[in-house]
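# Understanding the architecture of this molecule
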Amino acid sequence: MLRGRSLSVTSLGGLPRWEAGLPVENLLLFEVSWEVTNKVGGIYTVIQTKAKTTADEWGDNYFLIGPYFEHNMKTQVEQCEPVNDAVRRAMDAMNKHGCQVRFGRWLIEGSPYVVLFDIGYSAWNLDKWKGDLWEACNVGIPYHDQEANDMLIFGSLTAWFLKEVTDHADGRHVIVQFHEWQAGIGLILSRARKLPIATVFTTHATLLGRYLCAANIDFYNHLDKFNIDKEAGERQIYHRYCMERASVHCAHVFTTVSEITAIEAEHMLKRKPDVVTPNGLNVKKFSAVHEFQNLHAMYKARIQEFVRGHFYGHLDFDLEKTLFLFIAGRYEFSNKGADIFLESLSRLNFLLRMHKSDVTVVVFFIMPAKTNNFNVETLKGQAVRKQLWDTAHSVKEKFGKKLYDALLRGEIPDMNNILDRDDQTIMKRAIFSTQRQSLPPVTTHNMIDDSTDPILSTIRRIGLFNSRTDRVKLILHPEFLSSTSPLLPMDYEEFVRGCHLGVFPSYYEPWGYTPGIYIVDRRFRSPDDSCNQLTQFLYGFCKQSRRQRIIQRNRTERLSDLLDWRYLGRYYQHARLLTLSRAFPEKFHMEPTSPPTTEGFKYPRPPSVPPSPSGSQASSPQSSDAEDDDEGGRYDEEEEAERDRLNIKSPFSLSHVPRGKKKQHGEYKN
């Protein structure tokens, strides 16, 4: 039981629930992250998708704090004046003292307020703020570390802003959640200056953990054996590690996103997380099953159009029997599993060719890297495709008019004369324009480090160059997707809808948006065994008929409720309650009946779900409409849906995961 002024909670599934509603009118909530309106990695998606649920609960008392970049401001933020008096006065005070603070609504679902600091405009204070950080925690930042210097400016502006807000809060309590080490300096300085705020620090991955995993070290099985200071020093990130560790120990409440990262954080950062806050999604529900199937068909058609242009002159495969796979995220070659994925694709290509499968697999790598611009050959492909479409449309119009006129005269047109010589010449020229002497490019952009790029180097080694005989085709798109792109004009969410399967065989994945249908064991298997396991999963998926894939997609859509922020957001609420009780114990008290927990987050697994891909795959590589018709009698969609609804009794559960337990082959990540 937690009690305070106008507060009362009861326990629900181990987590507190407000009886009369959270009195947000007496509280202000701020979330601080370098990725507010600024897409760098997965934290952007976490904050973006969670914003609607949080904004619905907190209304005008919820604010996001991030860096100001002109391009992001123009395309993502609608400027407006702050309604909250404390925020307005804090901004005025900072702007009068030489800062540049912007305010507006982030144009995403929920339209949350954002406060953005211009880092470059305040860089003249850098030396002074370095001294402030040294006095606060004895951490120095090298002059050559541009990123750490930017984070110091960002953190100093954040602490300054919070000081001004608390000075004018008129008795309201302030909760501030800081995401990752980039926002940590604001937390350190706020606590050093004894600001009256309740603080939460959330790590989505430890800094040193990323570096160690990228070095191909058996990380998870040797967590307790690392000399942390030595490892950080050898990688020249000791000052960043100290900033992260100081942030963790300064926070009233420390949270992380999964049980495995909680164990990692305890070893790396020397503090056990108080609460595990699993990341969720803003799940969009549809009134009928066919609606999301229609969306898949629509976005798949747009991907097919891109593929037609990219592979012009080599489009000798059936797009209706082509599967689209993708991997996306930060360009961390080993951490994100791009290495094992490429090796598995090479083996998959061998299996499909050996079994003479008519299935083609087109795989997209959506990983941002340094580029000069779009590849000329790629742009030419889309231009050729558009020219062919225009030519076909023009000939169709002339054909249609002649046919229409003949029918009006009551005649059956002579099909040999309905197209004149000019029409045939135009079509021949269009066909000649599709001739190509080179293979379709494996990358859509000109890579700056082409010769040393890990993905391109691996492609050269395994020999997947998009040749006619390859059943697996590769496309590296080294840029985040955008609906304004002249090449592939789709948002990431639309692209995911259009693809058949996302593959994320990460070695280092603290959480991520990768709860999967098939789980590859990267911890208790050798790299080669893991690669073989992934190859079998992919090959099994390629052998499925269209109906089997539809069944699988329908089931995934139903189970997506388990990841909705409407449920998982309660873990964040629990962390805020806990930090209030620690920051203001005289006003808020949490009794031991609702203790913070780091127990593993587990999904209930419906018995109807097969334990491995073999339960839902066809018996041969080929599929046909006849097969689809035969399977119709063996599957009842409504019966399956009702079974899943009965099996999912609770949106979440907390239970212990034994450390070091080895998962069986094909076991679900529950």
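In this text, all values refer to a predicted model and were calculated from it rather than measured experimentally. (Residues numbered from 1 in each chain as written. Predicted model: local features only at pLDDT ≥ 70, side-chain atom pairs only at ≥ 80, totals over all residues. Heavy atoms only, no water.)

## Some thoughts on the overall build of the protein chain
Per the secondary structure count, the protein chain includes 21 helices and 21 strands. Counting all 670 residues of the protein chain, 54% fall into the buried class. Considering only residue pairs separated by 6 or more positions, the protein chain has 77% of its internal contacts joining residues 24 or more positions apart. Accessible surface for the protein chain amounts to roughly 30100 Å². Of this, 52% is attributable to carbon and sulfur atoms. (Helix = DSSP H or I, 4+ residues; strand = E, 2+ residues; numbered from the N terminus. Buried < 20%, exposed > 50% of the residue type's maximum accessible area, 1.4 Å probe, protein only. Contact = heavy atoms within 4.5 Å. Areas by Shrake-Rupley, 256 points an atom, 1.4 Å probe, with all protein chains shown as cover.)

## A few points about empty space enclosed by the protein
All told, the structure shown has 3 cavities of 30 Å³ or more when counted by the stated rule. By volume, the largest cavity amounts to about 70 Å³. Its boundaries defined by the atoms lining it, the second largest cavity holds a volume of some 40 Å³. In terms of lining residues, the second largest cavity is bounded by Lys-50, Thr-53, Thr-54, Glu-57, Trp-565, Gly-569, Tyr-572 and Arg-576. Elements with a minimum of two residues in the lining of the second largest cavity: helix 1 (42-58) and helix 19 (565-583). Considering only residue class, the lining of the second largest cavity consists of 2 nonpolar, 3 polar and 3 charged. (1 Å grid on protein atoms, 1.4 Å probe; cavity = no way out; pocket = protein on both sides within 12 Å on 5 of 7 lines; lining within 4 Å. Points joined across faces, edges and corners; volume = space filled by probe spheres on them. Nonpolar A, V, L, I, M, F, W, Y, C, P; charged D, E, K, R; others polar.)

## Thoughts on the confidence of the model for the protein chain
Predicted confidence across the protein chain gives a mean pLDDT of 83, with 83% of residues reaching 70 or more. Counting interchain partners and residues more than four positions distant, the pLDDT-below-50 stretch residues 1-21 has 49 contacts. Long-range and interchain partners of residues 649-670, a stretch whose pLDDT sits below 50, account for 55 contacts in this model, where long-range means more than four residues apart. (pLDDT = per-residue confidence, 0-100.)

## A short note on the pattern of salt bridges
For the structure shown, the criterion picks out 35 salt bridges. A salt bridge links Arg-308 to Glu-305, with the nearest nitrogen and oxygen atoms 2.4 Å apart. Taken as a pair, Arg-308 and Glu-305 lie in helix 11 (residues 289-310) at a separation of 3 residues, close to a single helical turn. With relative accessibility at 32%, the residue Arg-308 sits in the partly exposed group. (Salt bridge = Lys/Arg side-chain N within 4 Å of Asp/Glu carboxyl O.)

## Digging into the pairing of strand 17 (residues 472-477)
By the criterion of burial, strand 17 is predominantly enclosed, with 6 of the 6 residues buried. Of the two faces of strand 17, both are covered, the one formed by Val-472, Leu-474 and Leu-476 as well as the one formed by Lys-473, Ile-475 and His-477. Bridge count for strand 14 (residues 360-366) against strand 17 is 6 bridges, and the pairing is parallel. Its bridge partner being in strand 17, Phe-365 is matched across the sheet by Leu-476. (Pairing = 2+ DSSP bridges.)

## Comments concerning unusual backbone geometry
In most cases, non-glycine residues show a negative phi, while peptide bonds are predominantly trans. Phi at Thr-37 takes a positive value of approximately 60°, unusual for a residue other than glycine. Tracing the chain through its elements places Thr-37 in the loop between strand 4 (27-32) and helix 1. Taking the relative accessible area as the measure of exposure, Thr-37 reaches 2% and is therefore buried.

## Thoughts on the side chain of Asp-564
Position of Asp-564 relative to the elements: it lies in the loop between helix 18 (546-559) and helix 19. For Asp-564, a relative accessible area of 2% translates into the label buried. Here the side chain of Asp-564 touches Arg-566 through a polar contact of 2.8 Å, landing on its backbone nitrogen. (Polar contact = N/O pair within 3.5 Å; in protein donor to acceptor, adjacent residues only side chain to side chain.)

## Comments concerning the sheet that holds strand 10 (residues 197-203)
In spatial order, the strands read 6-7-8-5-4-9-10-11-12; together these 9 strands make up an open sheet with mixed pairing. A single partner strand is all that each edge strand has here, and the edge strands are strand 6 (77-79) and strand 12 (275-276). In terms of strand pairing, strand 11 (residues 253-256) meets strand 12 through 2 bridges, oriented parallel. Within the sheet, the bridge partner assigned to Thr-256 lies in strand 12 and is Val-276. On the sheet, helix 3 (residues 85-96) packs against strand 4, strand 5 (62-67), strand 7 (101-106) and strand 8 (113-117) and is oriented at approximately 145° with respect to strand 7. (Axes fitted to C-alpha atoms, helices over the stretch in contact; angles between N-to-C directions.)

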